[in-house]
Amino acid sequence: MSLDWLDAFLVSGTFGVVEIVGLGLLLHLQVGLTRIANFGVVGFWGLGLYTFGVLYVQVDWPFGEPWQFLFSALAASLAAALAGLVVAWLIADLDSDGALVGTLGFSAIVLILATTQDQLTGGALGLGGLGFPYDLGTTKANELLWLALMTALVGLILGYVWWVHRTPYGRLLIAIGSNEPLARSMGKHTTGAKLTLFAITCGLMGLLGAMHGVMVRFLDIGSLDVGITLAALAGLILGGTARVWGAVIGVLLTVGLFDIVIQFYVPLPQEWFTQAIPVLREAVFGALLVVVLLFRPQGLLGQMRRSKLIRAMHDG
Amino acid sequence: MAEPSAPPILEVDGLHSGYGDVPVLKGLDFAVDSEVFAILGANGAGKTTLLATLARLLPVTDGSIRLGGKDVTAHPASETARLGIGYVPQEAAIFPDLTVFENLSIGGMIGERPLEQGLEEVFETFPDLRDKVGLRAGDLSGGESRMVACGRALMQDPSVLLLDEPTAGLSPLYVELFFQKIAEIHSGRGVTIVLTEQNATLALGVADRVMVLSLGLGSEVMTAADVTTDRLKEAYKL
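Residues numbered from 1 in each chain as written. Chains lettered and ligands numbered in written order. Predicted model: local features only at pLDDT ≥ 70, side-chain atom pairs only at ≥ 80, totals over all residues. Heavy atoms only, no water.

**Regarding unusual backbone geometry**
So, step 1. Residue A:Pro66 is bonded to the preceding A:Glu65 through a cis peptide linkage, with omega at 5°.
So, step 2. With respect to the helices and strands, the residue A:Pro66 is situated in the loop between α2 (41-58) and α3 (67-91).
So, step 3. Of note, the phi angle at B:Arg56 is positive, near 70°, even though the residue is not glycine.
So, step 4. Within the element layout of this structure, B:Arg56 appears in the loop between α1 (47-54) and β4 (60-67). (Helix = DSSP H or I, 4+ residues; strand = E, 2+ residues; numbered from the N terminus.)

Below is the structure:
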């Protein structure tokens, strides 16, 4: 089937939006439910990206695809989960400011390692050699299928978040976010619950990073700047940190607006897209954060629980 | 040969506690049996610190806490809760983003009693909560929130219930109701109650024995019937 009608940049742009939605959903569990401030999203995502890329390219695997991808991606997720566990343990008793600095520091460490360990990572020059675990004949077809797989993965993450909201475990996370000492005084192992949640969500962030590596097929330290974190946070805060759909709505209104609507449907001079728009994008995200936090801190979708959800829980 | 007497339900020996380098409790000794035990004291006397320490939310710098003869001084809060201590702080005693039902069910996560049985017992004590299970706890009035907090602690099926100024800030109607409920919880369920209160008259109406806390030190423990204004004044070091 010919895919000439499909703009390749639209596929990669949509992939980026879906990916940020996934990160925003995971951030919702960390920040919105459990109130663990994580400003180091790019660190966990980037650790997954680089662990995957290095294993995929530098290791002489005794087997081919799709096992090469699956093993590398699994190792990337485990590395990010383990890092999440360690970081969560370090910041477990810190207040939000301390957690912010701790997670931001972790993302800086990942960037420094990716830059300095150039024999493994390619350093500032980057590392090529990544590829799709299948071949449909054309790059566009491969990318389109990868977008579908990424969308399916983010759909599963959405399902996981939805499930967490409806379980006693989810209630415990909300209780911890609301008043951790009180939850502890009720016999709950709050530190264990926080560490588990942070490790799982960071592991999934690492998996999203590995998926990103396949799509771009190149490791570039430029992707480890604050952009990913800022995009996920801005979307989540605009939509509403405490609501399941907050990340989805917010990311579509921010990243989707810039990377798809403006990019493809607003007739602007071509040079704007390489210079003005990326800078404007970051500036708008930053300004948006300030405006939302000042005038509607709970985000567009409002407070935590919908009355419909509550009714459904009690009727069911 | 005489049977050895059972250890007190709660026993505190030489208890020191505080916040970081700031000592608040400076050596408390008392024992509580199956009773309503009131701890009186002015603002800053250390009442909240004492209950938070008994709930193991604050570190013990010296001394010991024993629950039914078992030393729980080094236990974390999550373990003492499982051993039977229920705690209702004066402020931030509920989870406002959760519904009334969810607040209660979180309390019922420990122990072996079925959730439905625990809920039914809480609704017997606080019938007003039955119709409010689906409401967000943060949307309730002050008195209703206090009922949820107390119900949440009762869901843990505690042997000792620590109530930190349970009626502070409530309207007179709720104050009367609450002290009536406290008496019911003790007499009906056999739960030992340790409560703090600034208002001595209110506390004496429900307590079996009282102790006055002043600047981190405790007075002698008095039975409520023996309390006189002069003894209270002396205990308050007025």
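On we go.
**Observations regarding the sheet that holds strand β2 (residues 22-32) of chain B**
All names here are of chain B.
So, step 1. The strand order β2-β1-β4-β5 describes an open sheet built from four strands, whose pairing is antiparallel. Each edge of the sheet is formed by a strand with only one pairing partner; in this case those strands are β2 and β5 (70-71).
So, step 2. Sheet analysis places strand β1 (residues 10-19) next to β4, joined by six bridges and oriented antiparallel. Within β4, the residue paired with Val-12 across the bridge is Ile-65. (Pairing = 2+ DSSP bridges.)

**What to know about the pattern of salt bridges**
So, step 1. Applying the stated criterion across every chain, the model contains 17 salt bridges over all chains.
So, step 2. With a shortest N-O distance of 3.2 Å, A:Arg217 and A:Glu143 are connected by a salt bridge. Here A:Arg217, found in the loop between α8 (190-216) and β2 (218-219), pairs with A:Glu143, found in helix α6 (residues 139-165); they are 74 residues apart in sequence, far enough to count as distant.
So, step 3. Relative accessible area serves as the criterion here: at 25%, A:Arg217 is assigned to the partly exposed category.
So, step 4. Close ionic contact of B:Glu184 with B:Lys181 constitutes a salt bridge, the shortest N to O distance being 4.0 Å. In this pair, B:Glu184 and B:Lys181 are both assigned in helix α6 (residues 172-189), three residues apart and thus about one turn of the helix distant.
So, step 5. The class for B:Lys181 is buried, based on a relative accessible area of 10%.
So, step 6. Several salt bridges converge on common partners, so that one network encompasses A:Arg35, B:Asp97, B:Arg136 and B:Asp139. (Salt bridge = Lys/Arg side-chain N within 4 Å of Asp/Glu carboxyl O. Buried < 20%, exposed > 50% of the residue type's maximum accessible area, 1.4 Å probe, protein only.)

**A few points about the packing of helix α9 (residues 227-239) of chain A against helix α10 (residues 246-265) of chain A**
All names here are of chain A.
So, step 1. Contact geometry of α9 with α10 gives a least axis separation of 7 Å together with a crossing angle of 115°. Like other packed secondary-structure pairs, α9 and α10 cross with a definite hand, here right-handed. Taken together, the residues of α10 that come into contact with α9 (itself represented by Ala-231, Gly-235, Leu-236, Leu-238 and Gly-239) are Gly-246, Ala-247, Gly-250, Val-251, Leu-253, Thr-254 and Val-255.
So, step 2. Its residues placed into classes, the contact of α9 with α10 shows seven nonpolar, five polar and no charged. (Axes fitted to C-alpha atoms, helices over the stretch in contact; angles between N-to-C directions. Left-handed = near helix turned anticlockwise from the far one by under 90°. Contact = heavy atoms within 4.5 Å. Nonpolar A, V, L, I, M, F, W, Y, C, P; charged D, E, K, R; others polar.)

**Some points on helix α1 (residues 8-33) of chain A**
Residues and elements named next belong to chain A.
So, step 1. The end-to-end C-alpha separation of α1 is 37 Å, in line with the 38 Å expected for 26 residues at 1.5 Å each.
So, step 2. Its axis deflected by about 35° at Leu-27, α1 carries its strongest bend there.
So, step 3. Burial analysis of α1 places 20 of its 26 residues in the buried class, the great majority of the element.
So, step 4. Downstream of α1 by a residue or two, Arg-35 has a phi angle that is positive, lying close to 60°. (Expected span 1.5 Å × (residues − 1). Bend = angle between axes of the 7 residues up to and from the residue.)

**Regarding the interface of chain A and chain B**
So, step 1. At the junction of the two partners, chain A supplies 23 residues and chain B supplies 28 residues.
So, step 2. Here chain A and chain B share an interface that buries about 2,200 Å² over both sides, 65% of which is from carbon and sulfur atoms.
So, step 3. For the pair chain A and chain B, the interface holds two salt bridges.
So, step 4. A:Arg35 is the salt-bridge partner of B:Asp97, the closest N and O atoms lying 3.2 Å from each other.
So, step 5. Here chain A and chain B share seven residue pairs in polar contact (both at pLDDT 80 or more) between them.
So, step 6. At the level of elements, α7 (168-185) and α13 (307-315) of chain A are the ones that each hand at least two residues to the side of chain A that touches chain B.
So, step 7. Element by element, the count of residues in the side of chain A that touches chain B is highest for α7(A), at 12 residues.
So, step 8. Split into classes, the residues belonging to the side of chain A that touches chain B amount to 11 nonpolar, seven polar and five charged. (Buried area = accessible area lost by both parts, 1.4 Å probe. Polar contact = N/O pair within 3.5 Å; in protein donor to acceptor, adjacent residues only side chain to side chain.)

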